[in-house]
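Fold and contact review
Okay, here's what each chain looks like letter by letter:
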Amino acid sequence: MGPVARRPVAWVAAIVLFAEALGIVFLNWFLGLVVDHQEMSLAGLDPRAMSIGAWVAGGLFGLYLALCGLVLLRTAVSDRAPGGFGRILLISVAVVHGLLGAFCVGLVGWLAFVGMMVVLGLVVLTLVAYDRHENANGADGGGNGGAATPPSAPASSPEPTTP
């Protein structure tokens, strides 16, 4: 992918992850309210504990998705590949979307699967596009994985020693 399409893909992926974070938080808030108002219980658990658990889980997962969105936003603004922690975070969110997509086929339907795969594709496309861009700029042909080799120091004559 050329440098023209790299930044818009990162922008779109960041916006989609922010929207998904808000959707997850809203969904878990709503589910917590339903459990609380209906006083539902599962195996004798307290309904209030279940609703609080839904709210906490939604908040944590929403923060995770928002953090991934921030990494993508930083990538889009600076037009540089994410660092080590950012790359690991984006790989983990790609794996999560792959697993959620697999579960969505059976539980929700094909439309939800397509949605998960679109987000997965945007994240992976961003990772691959910036990886290729960085390797193309830093490659020296030395076979060291694209890392630039430092210039060698000029040979100097040894200084005479005095007794």
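Residues numbered from 1 in each chain as written. Predicted model: local features only at pLDDT ≥ 70, side-chain atom pairs only at ≥ 80, totals over all residues. Heavy atoms only, no water.

1. Brief notes about the side chain of Ser 51
Within the secondary structure layout, Ser 51 lies in helix 2 (residues 47-78). Residue classification places Ser 51 among the buried positions, given a relative accessible area of 0%. Setting aside its immediate chain neighbours within four residues, Ser 51 contacts Gly 32, Val 35 and Asp 36. (Helix = DSSP H or I, 4+ residues; strand = E, 2+ residues; numbered from the N terminus. Buried < 20%, exposed > 50% of the residue type's maximum accessible area, 1.4 Å probe, protein only. Contact = heavy atoms within 4.5 Å.)

2. Comments concerning helix 3 (residues 84-107)
Between the first and last C-alpha of helix 3 there are 34 Å, a value that for 24 residues agrees with the 34 Å anticipated at 1.5 Å per step. Those residues of helix 3 that fall on the buried side of the exposure criterion are Gly 86, Leu 89, Leu 90, Val 93, Ala 94, His 97, Gly 101 and Cys 104. With its phi angle positive at about 140°, Gly 109 sits one or two positions after the end of helix 3. (Expected span 1.5 Å × (residues − 1).)

3. Structural notes on the nonpolar core
By size, the foremost hydrophobic cluster in this structure holds 18 residues, and its most contacted members are Leu 17, Leu 65, Cys 68, Leu 72, Leu 90, Val 93 and Val 123. For this core, the elements supplying multiple residues, two or more each, are helix 1 (3-38), helix 2, helix 3 and helix 4 (110-138). At 6 residues, the largest contribution of residues to this core is made by helix 1. Not counting residues within four places of it along the chain, the set of residues in contact with Leu 72 comprises Ala 10, Ala 13, Ala 14, Leu 17, Leu 90, Val 123 and Thr 126. (Core = buried A, V, L, I, M, F, W, Y, C linked by side-chain atoms within 4.5 Å.)

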